[in-house]
Amino acid sequence: VFYRPRGGGTFDVLKMTQVTPEIWRATLPKTRVVVPGLSYYIAATDEHGVTRPIFYSANGPRHVRVTRGKILSTEQRRDRLAVAWSQSSHGVDGDAWQRLDIGLERLFFGFLVGRLGATATWGDALRLDSTASGAPKLDEKGTPLLKSQPINLYGGHAGLELRSGDYFRVAGDLLVAIHNGGAGLGYRLTAHIGDEAGANLFASLAGIHDVDNGDILLERLRLGLSTPIGRRFRLAGVVVHESVLQDSSKALRFQAEVTWAVAQRVFITGRAGFSGRDADHPGSTAGAGVALTF
């Protein structure tokens, strides 16, 4: 076996050992298995002392990619069914909601993923209280008054995800929703950038508007950094800027997420953090999820 680090240099030679009449074996030293990869070919010498390549060649060797760790996230590399629940309380009475998400992902050709899911959001949020003419109501100090509004937002998504190599993926989803006042249509764009150690940065932007009057049903910006911890855990820090059903102001959440690989196909996620609309009314956020790959 003639081998070298991918990219150039001279080939080192490793003698193969005959195991059976048809099988020959050689083991490369682990110190030579380096990022980004190896190039190798196999040659044989006949009884006349003539050496000829029999598997690739020095001018056209076989390339093998080498990485230091997981690529992006293990649970994202196969077909996946996921269920997640979360709740947010923003430190003000009548300003808290819960969300349930169910999603199915199907991997095609190794680089294309089909996505389909459903979501439900319910609870209460604050919005400006208006007069019959549409002007905001004010208290004696001239401060706009807020009132609690019920949230009942149900919908789903369908979309595609494209993966470029092992380190970059982008997704686009069409979002649909119904609420007490009608229906909405929107979008979600997501991007992940990973490295060889398994860490990745991700960003997601989503928006849904009422199909009749254009009112905001949902706006969400999600940013985060995720990194593996050992072989079975993954830690993520996430920032979420969100508005639901024309809130008086956008809620801001900071949360940590820990994913535990219980088995090779089951992943459990827990999340917790704090949430609020201003510094005077801090709240909390929490959630849990489970994903099954197959």
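Structure: above.
What counts as what
Residues numbered from 1 in each chain as written. Predicted model: local features only at pLDDT ≥ 70, side-chain atom pairs only at ≥ 80, totals over all residues. Heavy atoms only, no water. Helix = DSSP H or I, 4+ residues; strand = E, 2+ residues; numbered from the N terminus. Buried < 20%, exposed > 50% of the residue type's maximum accessible area, 1.4 Å probe, protein only. Contact = heavy atoms within 4.5 Å. Areas by Shrake-Rupley, 256 points an atom, 1.4 Å probe, with all protein chains shown as cover. Lys, Arg positive; Asp, Glu negative; His and termini not counted. Charge placed at Lys NZ, Arg CZ, Asp CG, Glu CD. Pairing = 2+ DSSP bridges. Axes fitted to C-alpha atoms, helices over the stretch in contact; angles between N-to-C directions. Salt bridge = Lys/Arg side-chain N within 4 Å of Asp/Glu carboxyl O. Phe/Tyr/Trp six-rings, centres within 6.5 Å; stacked < 30°, edge-to-face > 60°. Core = buried A, V, L, I, M, F, W, Y, C linked by side-chain atoms within 4.5 Å. Polar contact = N/O pair within 3.5 Å; in protein donor to acceptor, adjacent residues only side chain to side chain.

A. Here's a closer look at the overall build of the protein chain. Along the protein chain, the regular secondary structure elements total zero helices and 19 strands. Here the protein chain holds 294 residues, and 35% of them are scored as buried. Pairs at least 24 apart in sequence give 50% of the contacts found in the protein chain among residues at least 6 apart. Carbon and sulfur atoms provide 60% of the accessible area of the protein chain, an area that totals close to 16,700 Å². Across the protein chain, the 34 positively charged side chains and the 28 negatively charged ones have centroids separated by 11 Å.

B. Focus on the sheet that holds strand 8 (residues 80–89). Pairing in this closed barrel of twelve strands is antiparallel, and the strands run 8-9-10-11-12-13-14-15-16-17-18-19 around the ring. Averaged over all neighbouring strand pairs, the angle between strand axes comes to 15°, with direction disregarded. Pairing of strand 10 (residues 112–128) with strand 11 (residues 146–164), which is carried by 17 bridges, proceeds in the antiparallel orientation. Within the sheet, the bridge partner assigned to Ala-118 lies in strand 11 and is Gly-156.

C. Local environment of the pattern of salt bridges. In this structure the tally under the stated criterion is 16 salt bridges. Note that Arg-163 and Glu-161 form a salt bridge whose closest N and O atoms lie 2.7 Å from each other. Across this residue pair, the class does not change: Arg-163 and Glu-161 are buried.

D. Quick peek at the packing of aromatic side chains. What the rule picks out here adds up to eight aromatic pairs. Ring geometry for Phe-2 and Tyr-41: centres 4.8 Å apart, planes at 5°, overall stacked. With Phe-2 in strand 1 (residues 2–5) and Tyr-41 in strand 5 (residues 37–45), this pair connects stretches of sequence that are 39 residues apart. The exposure classification of Phe-2 matches that of Tyr-41, with both residues buried. With a centroid separation of 5.2 Å and 85° between ring planes, the pair formed by Phe-11 and Tyr-41 is classed as edge-to-face. Taken together, the residues Phe-11 in the loop between strand 1 and strand 2 (12–13) and Tyr-41 in strand 5 connect sequence positions 30 residues apart.

E. Expanded view of the nonpolar core. Ranked by internal contacts, the top residues of the largest apolar core, which has 13 residues, are Trp-97, Ile-151, Leu-153, Ile-208 and Val-244. For this core, the secondary structure elements donating two or more residues are strand 11, strand 12 (168–179), strand 14 (200–210) and strand 15 (216–229). Setting aside its immediate chain neighbours within four residues, Val-244 contacts Trp-97, Arg-99, Ala-125, Gln-149, Ile-151, Leu-153, Leu-217 and Leu-218.

F. View of the side chain of Ser-39. Along the chain, the position of Ser-39 falls in strand 5. Engagement of the side chain of Ser-39 in a polar contact is seen with the side chain of His-63, the distance being 2.8 Å. In contact with Ser-39, not counting residues within four places along its chain, are Phe-2, Tyr-3, Arg-4, Arg-6, Phe-11, Pro-61, Arg-62 and His-63.

G. Broad picture of the pairing of strand 10. With 13 bridges joining them, strand 9 (residues 96–108) and strand 10 adopt antiparallel strand pairing. By the bridge assignment, Arg-99 is partnered in strand 10 with Thr-121. Hairpin connection from strand 9 to strand 10: three residues lie between these consecutive antiparallel strands, with Phe-109 at a positive phi of about 60°.

H. Looking closely at the side chain of Asp-210. Following the sequence through the fold, Asp-210 ends up in strand 14. At 2.9 Å, the side chain of Asp-210 forms a polar contact with the side chain of His-179. Asp-210 has contacts with His-179, Gly-181, Gly-182, Ala-183, Gly-184, Asp-215 and Leu-217, leaving out every residue within four places of it along the chain.

I. How the structure looks around unusual backbone geometry. A positive phi angle, near 60°, is found at Tyr-56, a position not held by glycine. Assignment of secondary structure puts Tyr-56 in the loop between strand 6 (51–55) and strand 7 (62–65).

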